[in-house]
Amino acid sequence: MARDLLGCLFVVAHADGRTVLRLVETEAYRGALDPGSHGYRGPRPRNLSMFGPPGRLYVYLSYGVHFCVNVVCGQEGVSEAVLLRAGEPVAGVEAMRVRRGVVEGNRLVASGPGRLTQALGITREHDGASLLRGGSMWCARDEATERFQEGGISQTKRIGLAVGRGDELTWRFVVAGHPCASRAR
DNA sequence: CAGAAGATCTGC
DNA sequence: CAGATCTTCTGC
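The shown structure was predicted, so the numbers you read here are calculated from the model rather than taken from an experiment.

Novice: Describe the pattern of salt bridges, and please don't skip the residues or the numbers.
Specialist: Counted by the stated rule, this structure contains 9 salt bridges. For Arg 30, the salt bridge goes to Glu 80, with nearest N and O atoms at 3.8 Å. Placement of Arg 30 in strand S2 (residues 17-30) and of Glu 80 in strand S5 (residues 80-91) is noted, with a sequence separation of 50 residues between them. On the basis of relative accessible area, Arg 30 is assigned to the partly exposed category, the value being 34%. Note that Asp 127 and Arg 124 form a salt bridge whose closest N and O atoms lie 3.6 Å from each other. Through salt bridges that share partners, Glu 25, Glu 27, Arg 85 and Arg 172 make up one connected network.

Novice: Could you give me a rundown of the packing of aromatic side chains, with the residues and numbers involved?
Specialist: The full count for this structure, using the stated rule, is 1 aromatic pair. Look at Tyr 58 and Tyr 60: their rings are 5.5 Å apart centre to centre, the planes differ by 25°, and that puts the pair in the stacked class. The two residues Tyr 58 and Tyr 60 agree in class, both being buried.

Novice: Go over helix H2 (residues 93-100) with me, naming the residues and quoting the values.
Specialist: Where H2 is concerned, the buried positions are Val 93, Met 96, Arg 97 and Arg 100. Down the axis of H2, the buried set is contained in an arc of 100°. They therefore lie on one face. Exposed and facing more than 90 degrees away from the buried side of H2 are Glu 94 and Val 98. Summarising the contacts, the buried residues of H2 are in contact with S2, S5 and helix H3 (113-120). Just past H2, the residue Gly 101 takes up positive phi, approximately 85°.

Novice: Would you mind going over the protein's contact with DNA strand B in detail, with residue names and values included?
Specialist: Around DNA strand B, a shell composed of 20 residues is seen, among which His 66, Asn 70, Arg 100, Gly 114 and Arg 115 lie nearest. Sugar plus phosphate, as a fraction of atoms of DNA strand B within 4 Å of the protein: 58%. In the model, a sugar or linking oxygen of DNA strand B is placed 2.8 Å from a nitrogen or oxygen of the His 66 side chain. Interatomic distance of 2.7 Å between a side-chain N/O atom of Arg 100 and a phosphate oxygen of DNA strand B. Of all the elements in the fold, those that place two or more residues in the surface near DNA strand B are strand S3 (57-62), strand S4 (66-72), S5 and H3. If you tally residues by element for the surface near DNA strand B, the top one is H3, at 3 residues. Of the residues assigned to the surface near DNA strand B, the class counts are 8 nonpolar, 8 polar and 4 charged.

Definitions and limits used
Residues numbered from 1 in each chain as written. Chains lettered and ligands numbered in written order. Predicted model: local features only at pLDDT ≥ 70, side-chain atom pairs only at ≥ 80, totals over all residues. Heavy atoms only, no water. Salt bridge = Lys/Arg side-chain N within 4 Å of Asp/Glu carboxyl O. Helix = DSSP H or I, 4+ residues; strand = E, 2+ residues; numbered from the N terminus. Buried < 20%, exposed > 50% of the residue type's maximum accessible area, 1.4 Å probe, protein only. Phe/Tyr/Trp six-rings, centres within 6.5 Å; stacked < 30°, edge-to-face > 60°. Arc of directions from axis to C-beta. Contact = heavy atoms within 4.5 Å. Near = heavy atom within 4 Å. Polar contact = N/O pair within 3.5 Å; in protein donor to acceptor, adjacent residues only side chain to side chain. Nonpolar A, V, L, I, M, F, W, Y, C, P; charged D, E, K, R; others polar.

Rendered as structure tokens:
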């Protein structure tokens, strides 16, 4: 699923227009099977939406400062989710630059999970929001989506974890060489 | 109940 | 490289 989302568009409809990112970096989290997942130790007030039905968002506050957004993928009760780590601006770039605060070009608009939510205006208020029909946010494919996927996808270990980073856990997916991916730390 | 660490980013 | 400062977990 994390891999399938690469190259897809993530659309947020605001009162003053749409902002659209093409996803170029994602990470998979596998709930109870995955020590690196927020769902590993079961439901908590913060992560409850991860245990809800698929097709909704799980938004949490990281380090008390940045929001990060996941797409819930597992069936109800199963806390599987995909963290959206970076995207390339496709529409509404100027609005995203304003939310990010005077950023030039596309490179720093959404190249990291905290930057991505700030660019799209996603906060904890959107925790649990549905991506399925009728909402103000959704995922979509377009003519370019397949080209991005066929152009090459790099697979690496996930970023920033103290656990769940064994050599076999290559659950970070990146559009190969894309300039809007998050920078290696 | 206090302290520490965490799926981060920025500015010094 | 330190700081911001919310949520959860651990140890006493």
